[in-house]
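Geometric and topological summary
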Amino acid sequence: MHMTKHPIATDDNVTTAHLTSYHYGAPGSGKKVYIQASLHADEVPAMLVAHFLRQELERLDAEGRVKGEVTLVPVANPLGLSQVVHGTLFGRYDLNTGVNFNRAYHHVADGLKESLAGKLGPDAQANVALIREHARRSVAEWKVKDATGVLKKTLLGMAIDADFMLDLHCDNEAVLHMYAGTPLAEAVQPLSALMGARVVLLATQSGGEPFDEACGRLWWDLAAHFQEAAIPPACVAITVELRGEMDVRYAYARQDAHALLQYLAHAGVLDIPVQPLPKALCKPTPLDAVEPLEAPHAGVLVFHKRLGDTVAAGEPIADIVNPVSGKVSTVAATRPGLLFASTAHRHLLRGMHICKVAGSESFRSGNLLSS
């Protein structure tokens, strides 16, 4: 095991923070795994999971039981952790630009369509190696303007050539759920089963260039462009939403870390006893089948349903109660699905987010992620 401190510097070359990564196993000895926690710095449960992952990975590495290469970034956003507004951590957006820390990553496929022209063929393994070489170079050449750009470039540089990329987040309030690319529907199922995910949401392109798609989407984009070449979806890139922001508990963190380690064991990266896969709690569904609900007017939010409940179309999910006018509006989904995430706020203004319901039939288009 070795630790690396990456300086995050501004244009005037002044270091504003350090990003710390831990590395286990040996590069080139097998599959590469990249795991990062809390890219949104105020999504704390992932950091506690990373704490237990680090303990186990250090032990396994010392015993020679890491049969590949594992990179762990236990705090992926030191810049966001320093953003405190009126005593409250504000780690989702860069306060200097307003840009989400999990958006606007460099999509290398656009440049690789030119640099790889005429160089790919029927050998999938050779293609994967060459694509990764070009992808690493593209990230290294990415021109960034500020410390947040340096942070994003540093993170992507460590992850762009991984076989598995696990980005650990959480929602405001939620049951455990995941996001992945549609071509990864089968590959994500073991992790879904092990972690007890209630929802797995798939898209080929969700909008906004989030981190997981910067790592995973390049493979199916290139496969569609170079149709004569053998290009598999060589990076299993998954965003794991570890319930809600307040679900910071030792029991959850140990359970989640154990599931992640089992996933790596099933993938042949860790030499530990492999447990049988439990039955998955859900089947993957399209991200464009998720219905977000918003407040029709200002008022107090009162839920009729609980997270994890299945709801029918038109069934009341919540009320918005205006205590001044006495107006009460009931909010319902227009399609059946599972109530999997909600706001933690209980007084909303008109248009503010209430909750999300995961359906099974596609109906949305455009940017499919919240801001």
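Quick note: structure is the one above.
A few points on the structure. Model, not experiment: these values are computed from the prediction.

**Considering the overall build of the chain**
Within the chain one finds eight helices and 20 strands. A globule of 371 residues ought to have a C-alpha radius of gyration of about 21 Å, and the chain, at 21 Å, matches this closely. C-alpha atoms of the chain, sized along the principal axes, occupy 65 × 45 × 45 Å. For the chain, buried positions account for 52% of its 371 residues. The long-range share in the chain, meaning contacts at least 24 apart out of those at least 6 apart in sequence, stands at 71%. Summed over all atoms, the accessible surface of the chain reaches about 16200 Å², with 53% contributed by carbon and sulfur.

**Brief notes about the sheet that holds strand β19 (residues 347-348)**
As summarised here, the arrangement of the four strands in space is β17-β16-β14-β19, forming an open sheet in which the pairing is antiparallel. In the strand order of this sheet, the two ends are held by β17 (328-332) and β19, each with one partner. Here strand β16 (residues 316-321) pairs with β17 via five bridges, running antiparallel. In the strand pairing of β17, Asp319 is matched with Thr330.

**Quick word on the packing of aromatic side chains**
Given two aromatic rings, their pairing is described by the distance between the two centres and the angle made by the two planes. This structure, assessed with the given rule, holds five aromatic pairs. Taking 6.0 Å as the distance between ring centres and 75° as the angle between the ring planes, the aromatic pair formed by Phe52 and Tyr250 counts as edge-to-face. Taken together, the residues Phe52 in helix α1 (residues 45-62) and Tyr250 in helix α8 (residues 250-266) connect sequence positions 198 residues apart. Residue class for Tyr250 comes out exposed when judged on its relative accessible area of 54%.

**Re the environment of Pro45**
Summarising the element assignment, Pro45 is placed in helix α1. Residue contacts for Pro45: discarding those within four places in its chain leaves Cys170, Leu242, Gly244, Glu245, Asp247 and Val248.

**What to know about the packing of helix α5 (residues 147-159) against helix α7 (residues 211-225)**
Close contact between α5 and α7 brings their axes to 10 Å; oriented N to C, the two are set at 35°. Helix-helix and strand crossings are classified by hand; for α5 and α7 the assignment is right-handed. Listed contacts from α7 to Leu155, Leu156 and Ala159 of α5 are Phe211, Ala214 and Cys215. Residue classes in the contact of α5 with α7 are distributed as six nonpolar, no polar and no charged.

**With respect to the sheet that holds strand β3 (residues 32-37)**
The strands making up a sheet associate through hydrogen bonds between their backbones, and the pairing can be parallel or antiparallel. One open sheet holds the nine strands; their spatial order is β1-β2-β4-β3-β7-β11-β9-β10-β12, and the pairing between them is mixed. Two strands close off the open sheet at either side, each with one partner strand: β1 (2-9) and β12 (285-286). The sheet contact formed by β3 and strand β4 (residues 69-73) spans five bridges and is parallel. Each bridged residue has a counterpart across the sheet, and for Tyr34 the counterpart in β4 is Thr71. Of the strands in this sheet, β1, β2 (15-25), β3, β4 and β7 (164-171) touch α5, which is tilted by about 150° from β1.

**Describing the side chain of Asp61**
Topologically, Asp61 is positioned in helix α1. Although buried, Asp61 forms no salt bridge, and the nearest oppositely charged side chain, Lys67, lies 9.1 Å from it. In this view, Asp61 contacts Met1, His23, Tyr24, Gly25 and Val66; residues no more than four positions away in its chain are not counted.

**So, the nonpolar core**
One finds Leu53 and Met178 to be the most contacted residues of the largest nonpolar core, which totals 48 residues. Setting aside chain neighbours within four positions, we find Leu53 in contact with Ile35, Leu72, Leu168, Ala257, Leu260 and Leu261. Among the nonpolar cores identified, the runner-up in size contains 41 residues, and Val108, Leu116, Met165 and Ala229 belong to it.

**Observations concerning the pairing of strand β18 (residues 337-342)**
For β18, the buried fraction is high: six of the six residues fall into the buried class. In this structure, strand β8 (residues 173-174) lies alongside β18, joined through two bridges in antiparallel fashion. Bridge assignment links Glu173 to a residue of β18, and that residue is Ser342. Sheet topology note: the strand β15 (residues 310-311)/β18 ladder contains two bridges and is antiparallel. In the sheet register, Thr310 faces β18, and the bridge partner there is Leu338. Of the pairings in the sheet, the one linking β18 to strand β20 (residues 353-358) comprises four bridges and is antiparallel in character. Paired with Leu339 across the two strands is Val357, which belongs to β20.

**Brief notes about the pattern of salt bridges**
Pairing between side chains of opposite charge can happen when the charged atoms of each approach one another. Overall, the coordinates contain 16 salt bridges when judged by the stated rule. Of the charged contacts in the structure, one is a salt bridge between Asp256 and Arg243, with a shortest N-O distance of 2.8 Å. Of this pair, Asp256 sits in helix α8 while Arg243 is found in strand β11 (residues 236-244), placing the two residues 13 residues apart along the sequence. Each member of the pair, Asp256 as well as Arg243, is classed as buried. When salt bridges with common partners are traced through the structure, they connect Glu56, Arg59, Glu63 and Arg65 into a single cluster.

**Overview of α5**
With 13 residues, α5 should cover 18 Å at 1.5 Å per step; its first-to-last C-alpha distance of 19 Å lies within 8% of that length. When you tally the buried positions in α5, you get ten out of 13 residues, the bulk of the element. Buried within α5 we find Ala147, Thr148, Gly149, Leu151, Lys152, Thr154, Leu155, Leu156, Met158 and Ala159.

Cut-off values and rules
- Residues numbered from 1 in each chain as written.
- Predicted model: local features only at pLDDT ≥ 70, side-chain atom pairs only at ≥ 80, totals over all residues.
- Heavy atoms only, no water.
- Helix = DSSP H or I, 4+ residues; strand = E, 2+ residues; numbered from the N terminus.
- Rg over C-alpha atoms; globule rule 2.2 N^0.38 Å.
- Buried < 20%, exposed > 50% of the residue type's maximum accessible area, 1.4 Å probe, protein only.
- Contact = heavy atoms within 4.5 Å.
- Areas by Shrake-Rupley, 256 points an atom, 1.4 Å probe, with all protein chains shown as cover.
- Pairing = 2+ DSSP bridges.
- Phe/Tyr/Trp six-rings, centres within 6.5 Å; stacked < 30°, edge-to-face > 60°.
- Axes fitted to C-alpha atoms, helices over the stretch in contact; angles between N-to-C directions.
- Left-handed = near helix turned anticlockwise from the far one by under 90°.
- Nonpolar A, V, L, I, M, F, W, Y, C, P; charged D, E, K, R; others polar.
- Lys, Arg positive; Asp, Glu negative; His and termini not counted.
- Salt bridge = Lys/Arg side-chain N within 4 Å of Asp/Glu carboxyl O.
- Core = buried A, V, L, I, M, F, W, Y, C linked by side-chain atoms within 4.5 Å.
- Expected span 1.5 Å × (residues − 1).

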